[in-house]
Amino acid sequence: MAKVCQLFSGSSGNSIFVSSADTKVLIDAGVSAKRIENALLSIGEDAGELDAIFVTHEHSDHISGVRVLASRYGIPVFAKGSVLEAMINNGCVTEKVNAKVIDGNMELGGIEVVPFENSHDSAACLGYRLNLRDRSVAVCTDTGYITEAARNTLNGTDLVFLESNHEITMLQNGPYPYYLKQRILSKVGHLSNVACSEFAAELVKSGTTRLVLAHLSRENNHPDIARQTTLGELTAQGFKEDYDFLLRVSPPENCERAIVL
């Protein structure tokens, strides 16, 4: 049995908890260690029992709690080499952190970890697929477009956390300065609702049954709009909600029970 929960989601911080049997990991730790500890307690988990933190990239909303959590509990931190170097330079990895480079598939306590490249304006950006004993979970956020690596890796994943960052018209007409709008819309920015919905349909065709829309912008999106965009595309493709797929939208901070697979 697997237990999965998006503890935090969005530009204010990101962290996803995944457990299988006796192995427990975080993907990213983008808020304070204290907030992550409390969020884990709210779903019956203990930060001291974490076996690893897998980092997608070095932006602050993904690593803010890494140094304190990792040093406090002796948790190994895995990331791409260039990302670890950036984290060392910004002080998020010190000599007290057991930092390790992930450069391909690895096994951790019965979980096969499969990293894949996303496209983002960071030193590098990884998504992760975790193959558990009889289920699979993946995180695909912070990418300007769906890379071939993502497509090749994510087919058939049981549960996917998929970025649905912005509604394009809201972003274009919103308060952000021009350079920031261009960055978000670029191939190293973030995935729009429409792009998310199109890939969601590919995933459901491949056998994915659970989708969680993640990393929504508070200024340039709304949960109902994001959900309706993906639901509309899936319905247009002939899929039925609660029969072919389950669809959720992650709030900025978890307020629901964890997902059990």
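Here's a quick rundown of the structure. (Residues numbered from 1 in each chain as written. Predicted model: local features only at pLDDT ≥ 70, side-chain atom pairs only at ≥ 80, totals over all residues. Heavy atoms only, no water.)

Here seven strands make up an open sheet; going across it, the order is β6-β5-β4-β3-β2-β1-β14 and the pairing mixed. With one partner strand each, in any of the chains shown, β6 (99-101) and β14 (259-260) form the two edges of the open sheet. With five bridges joining them, strand β2 (residues 15-20) and strand β3 (residues 23-27) adopt antiparallel strand pairing. Bridge pairing links I16 to I27 in β3. Of the strands in this sheet, β1 (2-8), β2 and β3 are in contact with helix α1 (residues 33-42), which crosses β1 at around 140°. (Pairing = 2+ DSSP bridges. Helix = DSSP H or I, 4+ residues; strand = E, 2+ residues; numbered from the N terminus. Contact = heavy atoms within 4.5 Å. Axes fitted to C-alpha atoms, helices over the stretch in contact; angles between N-to-C directions.)

Moving on, we get to the pairing of strand β8 (residues 111-117). Most of β8 sits out of view: five of its seven residues are buried. Two elements, strand β7 (residues 106-108) and β8, share three bridges in a ladder whose sense is antiparallel. Residue M106 lies in a different strand from β8, and its bridge partner there is V113. (Buried < 20%, exposed > 50% of the residue type's maximum accessible area, 1.4 Å probe, protein only.)

On inspection of all chains with the given rule, the structure shows two aromatic pairs. A centroid spacing of 5.0 Å and a plane angle of 20° characterise the contact between F54 and F78, whose relative ring orientation is stacked. Here F54 is found in strand β4 (residues 52-54), whereas its partner F78 is found in strand β5 (residues 77-79), with 24 residues between them in sequence. Summarising the burial analysis for this pair, F54 and F78 share the class buried. A ring pair is formed by F54 and Y128, whose centres lie 5.5 Å apart and whose planes are at 55°; its orientation type is tilted. Taken together, the residues F54 in strand β4 and Y128 in strand β9 (residues 126-131) connect sequence positions 74 residues apart. Note on accessibility: F54 and Y128 belong to one class, buried. Each residue in the set F54, F78 and Y128 is aromatic and connected to the rest through ring pairs, giving one cluster. K187 extends its terminal NZ or CZ atom over the ring of Y145, reaching a point 5.1 Å from the ring centre. (Phe/Tyr/Trp six-rings, centres within 6.5 Å; stacked < 30°, edge-to-face > 60°. Lys NZ or Arg CZ within 6 Å of the ring centre and 35° of its normal.)

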